[in-house]
Amino acid sequence: MSHGLLLTFEITILVLAIFLGFEVISKVPTLLHTPLMSGTNAIHGIVIVGAMLVAGLGDKDTLTTIVGFVAVVLASANVVGGFVVTDRMLEMFKKREKKPDT
Amino acid sequence: MSREVTNLLYLVTIVTFILALRFLSNPATARRGNQIGAAGMLLAIVVTFLQKSIDSYWEIALGMVVGGTFGLVAARKVRMTAMPQMVALFNGVGGGAAALISLAEFHRLAPEPGGLQADISTAIALSAIIGSISFSGSMVAFAKLQELIRGRPIVFPFQKTVNALLFAAVLAAGIAIAAGSEQQWLMWALLAGASLFGVLFVLPIGGADMPVVISLLNAFTGLAAAATGFELENNVLIVSGMLVGASGTFLTIMMGKAMNRSIANVLFGAFGQIAPSPAAAGASANGGQVRSATTDDVAVMLGYAHKVVFVPGYGMAVAQAQHDVRALADLLESRGVEVSYAIHPVAGRMPGHMNVLLAEANVPYPQLKEMEDANAEFPRTDVALVIGANDVVNPDARNNAGSPIYGMPILNVDNAQAVVVLKRSMNPGFAGIENPLFLNPKTVMLFGDAKDSIEKLAGAVKGL
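So, how was this worked out
- Residues numbered from 1 in each chain as written.
- Chains lettered and ligands numbered in written order.
- Predicted model: local features only at pLDDT ≥ 70, side-chain atom pairs only at ≥ 80, totals over all residues.
- Helix = DSSP H or I, 4+ residues; strand = E, 2+ residues; numbered from the N terminus.
- Rg over C-alpha atoms; globule rule 2.2 N^0.38 Å.
- Buried ≥ 20, exposed ≤ 12 C-beta atoms within 10 Å, placed from the backbone.
- Contact = placed C-beta atoms within 7 Å.
- Nonpolar A, V, L, I, M, F, W, Y, C, P; charged D, E, K, R; others polar.
- Pairing = 2+ DSSP bridges.
- Axes fitted to C-alpha atoms, helices over the stretch in contact; angles between N-to-C directions.
- Core = buried A, V, L, I, M, F, W, Y, C linked by C-beta atoms within 7 Å.
- Parallel < 35°, antiparallel > 145°, perpendicular 65-115°, else oblique.
- Left-handed = near helix turned anticlockwise from the far one by under 90°.
- Expected span 1.5 Å × (residues − 1).
- pLDDT = per-residue confidence, 0-100.

**Concerning the overall build of chain B**
Consideration 1: Secondary structure assignment for chain B yields 18 helices and 6 strands.
Consideration 2: Its C-alpha atoms give chain B a radius of gyration of 25 Å, near enough to 23 Å, the size a compact globule of 464 residues would have.
Consideration 3: Within the span of chain B, comprising 464 residues, buried residues form 56% of the whole.
Consideration 4: Counting contacts in chain B only where the partners sit at least 6 residues apart, residues at least 24 apart contribute 80% of the total.

This is the structure:
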């Protein structure tokens, strides 16, 4: 596929993703806005894929090695922290049916 | 693994992320959604590991252990009240990662003649700028929320001019890179300038506006991730990043609406420098004064009421009083008092913060009323118990055109028969604005730590 064609495809899915994002998010009740923010926070941890592609290159100079490594560290913290925090929050919302424990 | 298979597996990851967001529309399915999203993330990581271009594994593995351990420990240890700064921190590191990827890609591609195509270099510039702003901005937001630095707006002369010039310089560097300059120092200058801009941009924003800022920075990191996707020609980055970008933008707009202020006003207004309230000044001149009550007085008011509405604010969160509030509510319910909670959309330090805290204390969520429903109920409410909330119940927002929060929709607690305000002292709230509610003849103040006061109230109600 030519570079220009690939780019147009990329822009197409980008624009579709904008609409999809608005559509999906608008159904989330205000009750869950904190977990929503934290959950999307975890999702942008997907930059870990980019960080891995940079850090994993075969022959690279010292700068790229260091920068790639730090990028993986940061992105991993984003991914793990993001999902774990969100899970902790949502766990509490599940317990709501429990009888009052007085 | 071929590129086709890779892309199809990445598509599976994208679908899991969309499902994760969809499942968030219902509290009962939300947690499963998050787990599905985490599984999708794991899949993307495994697929990336299997790429032909990946030759050296130890940096990746070591980096994941270091970063992952930090994330896990931080996320496990954090208290629910400190959640906003934790989200800010994780958001910042994500933005930082995106900026570093751009730095590495520029460094790798630029020295080869023709190594950078225009779209790639544009994406590199964008992701470097947005990622750096998100990184440093989030760190300042973290520091403010963690109270490492002053929460109030930090302003200095010519701040806006300095910021504008700095931003113009960063933009110029970005355009030069996008236009094909292969000078490495330009990238370093861009990263430094954008990081400094991130700091200067968040410093003048007051603590009360932090929810909006965090939400905006969240969108920024998403956009930076999407731009990295263009650099690396990677679909999963483009779509996931943009999903987050769109959702963060949406939340930011919603919060602006909830405060009836434009996003520009939030970002550039240096909101929350102490402004004297003419109404309050007038009231005190007319002999209006603060009346403070004892725990026993308030216990009697609550114990013999038909309907009590709790109005929690950040003060409740700081004092970790949510469990005691729940215990008091149960006690009142057992006496036949109708109890509900009025939740302002921007109460706390991030959208929906109070809901999370009350859920932590097992408050059944049908009792949580959103602003409009709550306001409809106040006229038939006997006692509105305001726990550490201030600006969201400030009648100046309705009555005083001179007030900085004029026009912000508030909880009209002054429509209740009586108002009890639990507060540490008469200091103005986080936004630094005076509140005439405290001078209202219907209002009594119960000074002290919220947790302590609520515990004593519960004891006194038991003794009735």
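Resuming the write-up.
**Details of the overall build of chain A**
Consideration 1: Looking only at helices and strands, chain A has 4 helices and 0 strands in total.
Consideration 2: Each helix and strand of chain A, ordered N terminal to C terminal, gives the series α-α-α-α.
Consideration 3: Since a compact globule built from 102 residues should have a radius of gyration of about 13 Å, the 19 Å found for chain A marks it as more spread out than a globular shape.
Consideration 4: Projecting the C-alpha coordinates of chain A onto the three principal axes gives extents of approximately 65 × 35 × 15 Å.
Consideration 5: Counting over 102 residues, chain A shows a buried share of 57%.
Consideration 6: Partitioning the contacts of chain A with sequence separation of at least 6, the portion at a separation of at least 24 is 63%.

**Remarks on the interface of chain A and chain B**
Consideration 1: Taken together, the contacts link 83 residues of chain A with 97 residues of chain B.
Consideration 2: Counting residues per element, the ones that place at least two in the side of chain A that touches chain B are α1 (3-25), α2 (33-43), α3 (47-55) and α4 (62-94) of chain A.
Consideration 3: Considering each element in turn, the side of chain A that touches chain B owes the most residues, 31 residues, to α4 of chain A.
Consideration 4: Here the residues of the side of chain A that touches chain B sort into 49 nonpolar, 24 polar and 10 charged.

**Describing the sheet that holds strand β3 (residues 368-370) of chain B**
Residues and elements named next belong to chain B.
Consideration 1: The 6 strands lie next to each other as β3-β2-β1-β4-β5-β6, forming an open sheet whose pairing is parallel. Each edge of the open sheet is held by one strand with a lone partner, namely β3 and β6 (443-447). The average undirected angle you get between the axes of adjacent strands in this sheet is 25°.
Consideration 2: With 5 bridges connecting them, strand β5 (residues 418-423) and β6 associate as parallel partners. When the sheet's bridge partners are listed, Val420 is paired in β6 with Val444.
Consideration 3: Seen against the sheet, helix α12 (residues 295-303) touches β1 (307-312), β4 (383-387), β5 and β6 and runs at an angle of roughly 135° to β5.
Consideration 4: Contacts from helix α14 (residues 322-334) reach β1, β2 (338-343) and β4, with the element oriented near 175° to β1.

**Remarks on the environment of Thr81 of chain B**
Residues and elements named next belong to chain B.
Consideration 1: Relative to the helices and strands, Thr81 resides in the loop between α3 (58-77) and α4 (83-109).
Consideration 2: The exposure class assigned to Thr81 is buried, which follows from the 21 C-beta atoms found within 10 Å.
Consideration 3: What Thr81 contacts, discounting residues up to four positions off in sequence, is Ala317, Val318, Gln320 and Leu357.

**A word on the nonpolar core**
Consideration 1: Grouped together as the largest cluster of nonpolar side chains are 194 residues, with contacts concentrated most on Ala71 of chain A together with Val311 and Val386 of chain B.
Consideration 2: It is α4 of chain A that provides the largest number of residues to this core, a total of 18 residues.
Consideration 3: In this structure Ala71 of chain A touches Ala51, Val54 and Ala55 of chain A together with Ala97, Leu100 and Ile101 of chain B, once residues within four positions along its chain are discounted.

**A look at the pairing of β4 of chain B**
Residue and element names in this part refer to chain B.
Consideration 1: Among the 5 residues that make up β4, 5 are buried, leaving the element largely enclosed by the rest of the structure.
Consideration 2: Here β4 shows two buried faces, one formed by Val383, Leu385 and Ile387 and the other by Ala384 and Val386.
Consideration 3: Note that β1 and β4 share 5 bridges and pair parallel. Bridge pairing in β4 places Val311 opposite Val386.
Consideration 4: In this sheet, β5 lies alongside β4 in parallel orientation, the contact comprising 5 bridges. The residue bridging Val383 from the neighbouring strand is Ala418, located in β5.

**A closer look at the packing of α2 of chain A against α4 of chain B**
Consideration 1: Close contact between α2 of chain A and α4 of chain B brings their axes to 10 Å; oriented N to C, the two are set at 20°. Between α2 of chain A and α4 of chain B, the crossing angle belongs to the class labelled roughly parallel. In terms of crossing hand, the pair formed by α2 of chain A and α4 of chain B is left-handed. Two secondary-structure elements touch here, α2 of chain A through Thr34, Met37, Ser38 and Asn41 of chain A and α4 of chain B through Met83, Val87, Phe90 and Asn91 of chain B.

**Side note on helix α5 (residues 118-145) of chain B**
Consideration 1: Compared with an ideal rise of 1.5 Å per residue, which puts 28 residues at 40 Å, α5 of chain B spans 40 Å between its outermost C-alpha atoms and is within 8% of the ideal.
Consideration 2: Within α5 of chain B, 24 of the 28 residues are buried, which leaves the element mostly enclosed by the surrounding structure.

**Looking at the confidence of the model for chain B**
Consideration 1: Of the residues in chain B, 94% have a pLDDT of 70 or more, and the chain-wide mean is 87.
Consideration 2: Within the model, pLDDT remains below 50 along residues 274-287 of chain B, and this stretch shows 26 contacts once partners closer than five positions in the same chain are excluded.

**Notes on unusual backbone geometry**
Keep in mind that most residues, glycine aside, have a negative phi and that most peptide bonds are trans.
Residue and element names in this part refer to chain B.
Consideration 1: One non-glycine residue with positive phi stands out, namely Phe158, at about 60°.
Consideration 2: Tracing the backbone through its elements, the reader meets Phe158 in the loop between α5 and α6 (159-178).
Consideration 3: Phe158 sits in the exposed class, given 9 other C-beta atoms within 10 Å.

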